[in-house]
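# Residue-level structural notes
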Amino acid sequence: DTFGMDPDALAAACESLADGHAGQLKAVLPVHIYGHPVDLSAIQGIVEEHNLILIEDCAQAHGARLKGQRVGSFGALGTFSFYPTKNLGALGDGGAIATNDPELAAQVRLLKEYGWQERYVSHVAGMNSRLDPIQAAMLAVKLQHLDDENAKRREIAARYTAALADTPLILPACADNVEPVYHQYVVQHEQRDELQQFLRARNIGSLIHYPVPVHKQPAYEGRVELPAGPLTVTEGLAKRILSLPIHAQLTDEQFDRTVAAVRDWVATL
Ligand SMILES: *Cc1c(COP(=O)(O)O)cnc(C)c1O
């Protein structure tokens, strides 16, 4: 319902991998997709039981809260992207990793800059993944507006949900105890390609996040054993999802035009 990792499926996958593939199982990486926090309570139990590391992908969920606590502060690591289109976006690429663990923090600092502990000596095989100071300076300013912009996204989402409630579209659900940040507002319909074309004809942009699931990407397909069987939920969703325009600067006129277009399309069904 909320597009996140299913704890029951995760538990089944961990059980099945634990036989014979112990050791290969290292970390669990739930994605707070579209800015809706994954329910981590059940996942944390599974992670502890199998001695795994929990890494939260917060690339779409800056500022979102689960039971009042910000995402990125539950796992051993929380990863953030500042790609320009994210809720907190730089003027180019950037990202950050949050952790409370000093050893992991030291490891991440090593990896981000050639594995250097002291200058010009690589202790591990690192990379160049520094956040440019000019981007950090911009982000520090934009961070002050993040909560307000997220509130605006929540308001727009609530208005979409009210305006489209009587249509056959499946609208995004919101779990109890979470404060999502609506990086995307994702509706579902079997004929979403037609809906997208209808919107495009009226100059309204919509996107599919994402058309090809990770395990179906040519680079990864067949490389990873899927211990819980085919990912039918993910594959089904990939065929039905469509992201409607949402961002803090969306005007009332743009919102109204989008709702009118969606409703006009529904009337053609
Ligand atoms: C954008 C995004 C990433 C990648 O972030 P980069 O800054 O491009 O590396 C990872 N996960 C999710 C869910 C994202 O939306």
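Placed above this text is the structure.
By convention here, each chain's residues receive numbers from 1 onward along its written sequence. With the structure being a predicted model, the display of local features is reserved for residues of pLDDT at least 70 and the display and counting of side-chain atom pairs for 80 or more, all residues being used for whole-chain, interface and lining totals. Side-chain numbers here rest on the full set of heavy atoms in the structure, without hydrogens or water.

Glancing now at the overall build of the protein chain. Helix numbering and strand numbering both begin at the N terminus, where a helix is a DSSP run of H or I of at least 4 residues and a strand a DSSP run of E of at least 2. Along the backbone of the protein chain there are 7 helices and 11 strands. Structurally, the protein chain occupies a C-alpha span of about 65 × 50 × 35 Å along its principal axes. For the exposure calls, accessible area comes from a 1.4 Å probe over protein chains only, and a residue counts as buried if that area is under 20% of its type's maximum, exposed if over 50%, partly exposed in between. Burial status across the protein chain gives 37% buried among its 269 residues. Summarising the internal contacts of the protein chain: among those between residues at least 6 apart in sequence, 64% fall at separations of at least 24. Here the accessible surface of atoms and residues is derived via Shrake-Rupley with a 1.4 Å probe, and residues count as covered only by protein chains that are part of the display. Just so you have it, the protein chain exposes about 15,100 Å², and 53% of that area is on carbon and sulfur atoms. Whether two residues are in contact is decided by their heavy atoms: any pair within 4.5 Å suffices.

Further remarks concern the nonpolar core. In this description, a nonpolar core means a group of buried Ala, Val, Leu, Ile, Met, Phe, Trp, Tyr and Cys residues linked to one another through side-chain atoms lying within 4.5 Å. Among the nonpolar cores identified, the biggest contains 28 residues, and Tyr160, Leu164, Leu169, Tyr185, Leu199 and Leu244 are the most heavily contacted of them. Elements with a minimum of two residues in this core: helix H4 (133–164), strand S10 (185–188), helix H5 (192–201), strand S11 (241–244) and helix H7 (252–267). For this core, the leading source of residues is H7, giving 6 residues. Filtering out sequence-adjacent residues up to four positions away, leucine 169 remains in contact with Leu164, Val187, Gln188, His189, Leu195, Val262 and Trp265.

Here phenylalanine 80 lies in strand S5 (residues 77–81). Spatially, the C-alpha atom of phenylalanine 80 lies 36 Å from that of aspartate 166, the residues being 86 residues apart in sequence. Filtering out sequence-adjacent residues up to four positions away, phenylalanine 80 remains in contact with Cys58, Ala59, His62, Val71, Gly72, Gly95, Ala96 and Ala98.

Should a side-chain nitrogen of Lys or Arg be within 4 Å of a carboxyl oxygen of Asp or Glu, the pair is scored as a salt bridge. If you walk through the whole model with that rule in mind, you get 11 salt bridges. With a closest N to O distance of 2.7 Å, arginine 130 and glutamate 113 form a salt bridge. Of this pair, arginine 130 sits in the loop between strand S8 (121–122) and H4 while glutamate 113 sits in the loop between helix H3 (102–112) and strand S7 (116–118), and the two are 17 residues apart along the sequence. Judged by relative accessible area, which is 22%, glutamate 113 ranks as partly exposed. Where arginine 202 meets aspartate 264, a salt bridge forms, and the shortest distance between an N and an O atom there is 2.9 Å. Taken together, the positions of arginine 202 in the loop between H5 and helix H6 (232–240) and aspartate 264 in helix H7 put the pair 62 residues apart, joining distant regions of the chain. You can call arginine 202 partly exposed: its relative accessible area is 36%.

Criterion used throughout: strands pair if DSSP finds at least two bridges between them. Spatial ordering of the open sheet is given by S4-S3-S9, a layout of 3 strands whose pairing is antiparallel. The sheet terminates laterally at strand S4 (69–70) and strand S9 (178–179), the two strands that pair on one side only. Alignment of strand S3 (residues 65–66) against S9, held across 2 bridges, turns out to be antiparallel. Each bridged residue has a counterpart across the sheet, and for arginine 65 the counterpart in S9 is glutamate 179.

Before going further, it helps to spend a moment on the packing of H4 against H7. Convention adopted: a line fitted to C-alpha atoms gives each axis, helices being fitted over their contacting stretch, and angles between N-to-C directions are expressed from 0 to 180 degrees. Between H4 and H7, the least distance of the axes is 11 Å, while the angle of their chain directions is 30 degrees. Regarding the angle of H4 to H7, the classification is roughly parallel. Viewed along their axes, H4 and H7 form a crossing whose handedness is right-handed. Together, Ile156, Arg159, Tyr160, Ala163 and Leu164 of H4 and Asp252, Phe255, Thr258, Val259, Val262 and Arg263 of H7 make up the contact between the two elements. Here the contact of H4 with H7 is built from residues that sort into 7 nonpolar, 1 polar and 3 charged. Throughout, the term roughly parallel applies to angles under 35 degrees, roughly antiparallel to angles over 145, roughly perpendicular to angles from 65 to 115, and oblique to all others. When the near helix sits turned anticlockwise from the far one by under a right angle, the crossing is termed left-handed; a clockwise turn instead gives a right-handed crossing. Under the convention adopted here, Pro, Cys and the residues Ala, Val, Leu, Ile, Met, Phe, Trp and Tyr are nonpolar, Asp, Glu, Lys and Arg are charged, and Gly plus all remaining residues are polar.

Spatial ordering of the open sheet is given by S1-S2-S5-S6, a layout of 4 strands whose pairing is mixed. Because the sheet does not close on itself, it has two edges, and the strands there are strand S1 (27–28) and strand S6 (95–98). Pairing between strand S2 (residues 53–57) and S5: 3 bridges, direction parallel. Bridging from a neighbouring strand, isoleucine 55 pairs with leucine 77 of S5. On the sheet, helix H2 (residues 40–49) packs against S1 and S2 and is oriented at approximately 150 degrees with respect to S2.

Bear in mind that shape data such as this cannot, by itself, settle questions of function.
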